[in-house]
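Overview (structure and organization)
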Amino acid sequence: MDDKNAHQDVMVPSPVASVSIFPISQATAATFTDLYIGQAFLCFIQSGSKRVVCPVRGELIAEQGDLLIFAPGDLVTLENRPVPNANYLADGVYFSHDLVESVFAEQPRPTSPAGIQLLRAASTDISTILDLIKETLHRDDLPAIVRQHRLLEPLIWLQQNGVRLPTRSEDQPWSKVRRFIETDISRSWRLAEVAQHFAMSEATLRRWLAKSGLGFAEILLNTRLENGLAQLQTTSTSISQIALQCGFKTPSHFSDAFRKRFGIRPKAIRSAEK
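Summarised in this report is the structure supplied together with it. Because the structure is predicted, anything quoted here is derived from the model rather than measured.

Considering the overall build of the protein
Scanning the protein from terminus to terminus reveals nine helices and ten strands. Taking as baseline every contact in the protein between residues at least 6 positions apart, the subset at least 24 positions apart corresponds to 75%. Carbon together with sulfur atoms contributes 50% to the accessible area of the protein, which is approximately 13,700 Å² in total.

Have a look at this one:
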């Protein structure tokens, strides 16, 4: 993987508090349904546009320079739209739960979900915040406490611009199982070992997951496919290697499952289909 495509993680004093930033690129327009957002996610649009369907706010379309804010625990439907002869480009930033909680814990308890939130470039100085994040993550000479304070500034800025973020998402059974799968996504997971991890029988785990309307096989496949999608958009790793890293036995198995789920072939994420 090229250095320019690598995720950049910065750890602050808490062992689980971190910020990750990565470039997102997509060559062919596509709509992705029911994508899981595990941590607070900021999407800075650099080229093209992103259409999002939000149960709370309806349809949102973010253009170049705009910022979309996704809350942890969201299931989202979105469409990335490249411009003619150029890829859709964005910078994605994840904030850990601990950092979000340190800023938003004292906010009034919301009476309704915030939904996906959009800040327009025309009304706010979005580029300055992104520049601050990038500079902080690239500065190896900064003491840890200084980095921590700098990485809190974007969240404080969001709060001052009316953004609301839940400090903890509701922990659904399927999201717990998903996080466990993600600890070793290439592993050939079986229901029995996952049930054992949660100290329950297979039958109890099935009933537990049924509350969310999702079965174990579906959760496992979705987790692998969404991880594969993220790697296609943010790294230069070969499709064959991504398939194996995500737990698929062959690249063709990955390609078939990917196309069935997303309606697009994996290679079309990187090269525009004609």
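Overview of the sheet that holds strand E8 (residues 75–81)
Sheets are built from strands paired through backbone hydrogen bonds, the pairs being either parallel or antiparallel. Reading across from one edge, E3-E8-E5-E6 is the order of the four strands in this open sheet, with antiparallel pairing throughout. Both outer strands of the open sheet, strand E3 (30–36) and strand E6 (58–62), are each paired with one neighbouring strand and no more. Averaged over all neighbouring strand pairs, the angle between strand axes comes to 20°, with direction disregarded. Inspection of the sheet shows strand E5 (residues 49–54) paired to E8 by five bridges, in the antiparallel sense. If you follow Arg51 over to E8, its bridge partner there is Glu79. In the packing of helix H7 (residues 216–234) onto the sheet, the strands contacted are E3 and E8, and the crossing angle to E3 comes to about 125°.

Re the pattern of salt bridges
Two side chains of opposite charge can pair, provided their charged atoms sit close to one another. By the definition in use, this model includes 14 salt bridges. Between Arg139 and Asp141 there is a salt bridge, and its shortest N-O distance comes to 2.7 Å. With relative accessibility at 27%, the residue Arg139 sits in the partly exposed group. Note that Arg187 is salt-bridged to Glu193, the shortest N-O span being 2.6 Å.

Points about the side chain of Asp91
Inspection of the secondary structure assignment puts Asp91 in strand E9 (residues 88–95). Classification of Asp91 as buried rests on a relative accessible area of 10%. A polar side-chain atom of Asp91 sits 3.0 Å from a polar atom in the side chain of Gln46. When residues no more than four places from it in sequence are discounted, the contact partners of Asp91 are Phe22, Pro23, Leu42, Cys43, Phe44, Gln46, Leu130 and Lys134.

Quick word on the environment of Thr136
One can find Thr136 in helix H2 (residues 126–138). Taking the relative accessible area as the measure of exposure, Thr136 reaches 0% and is therefore buried. The spatial distance from the C-alpha of Thr136 to the C-alpha of Arg150 is 6.9 Å, given a sequence separation of 14 residues. Here Thr136 is in contact with Leu142, Arg147, Arg150 and Leu151, once residues within four sequence places are set aside.

Let's talk about the pairing of E5
With five of six residues buried, E5 lies mostly within the body of the structure. Bridging between E5 and E6 involves five bridges; their strand directions are antiparallel. The residue bridging Arg51 from the neighbouring strand is Ile61, located in E6. The antiparallel pairing of E5 with E6 creates a hairpin that spans three residues between the two strands.

Some points on the nonpolar core
Phe32, Phe70 and Phe258 are the most contacted members of the largest nonpolar core, which has 34 residues in total. If near-sequence neighbours (up to four positions away) are discounted, Phe32 is found in contact with Gln26, Val76, Thr77, Leu78, Asn80, Leu229, Gln233, Phe262, Ile264 and Ile269. Core analysis: the second largest hydrophobic core is formed by 27 residues, Leu42, Phe44, Phe95 and Leu119 among them.

The rules behind these values
Residues numbered from 1 in each chain as written. Predicted model: local features only at pLDDT ≥ 70, side-chain atom pairs only at ≥ 80, totals over all residues. Heavy atoms only, no water. Helix = DSSP H or I, 4+ residues; strand = E, 2+ residues; numbered from the N terminus. Contact = heavy atoms within 4.5 Å. Areas by Shrake-Rupley, 256 points an atom, 1.4 Å probe, with all protein chains shown as cover. Pairing = 2+ DSSP bridges. Axes fitted to C-alpha atoms, helices over the stretch in contact; angles between N-to-C directions. Salt bridge = Lys/Arg side-chain N within 4 Å of Asp/Glu carboxyl O. Buried < 20%, exposed > 50% of the residue type's maximum accessible area, 1.4 Å probe, protein only. Polar contact = N/O pair within 3.5 Å; in protein donor to acceptor, adjacent residues only side chain to side chain. Core = buried A, V, L, I, M, F, W, Y, C linked by side-chain atoms within 4.5 Å.

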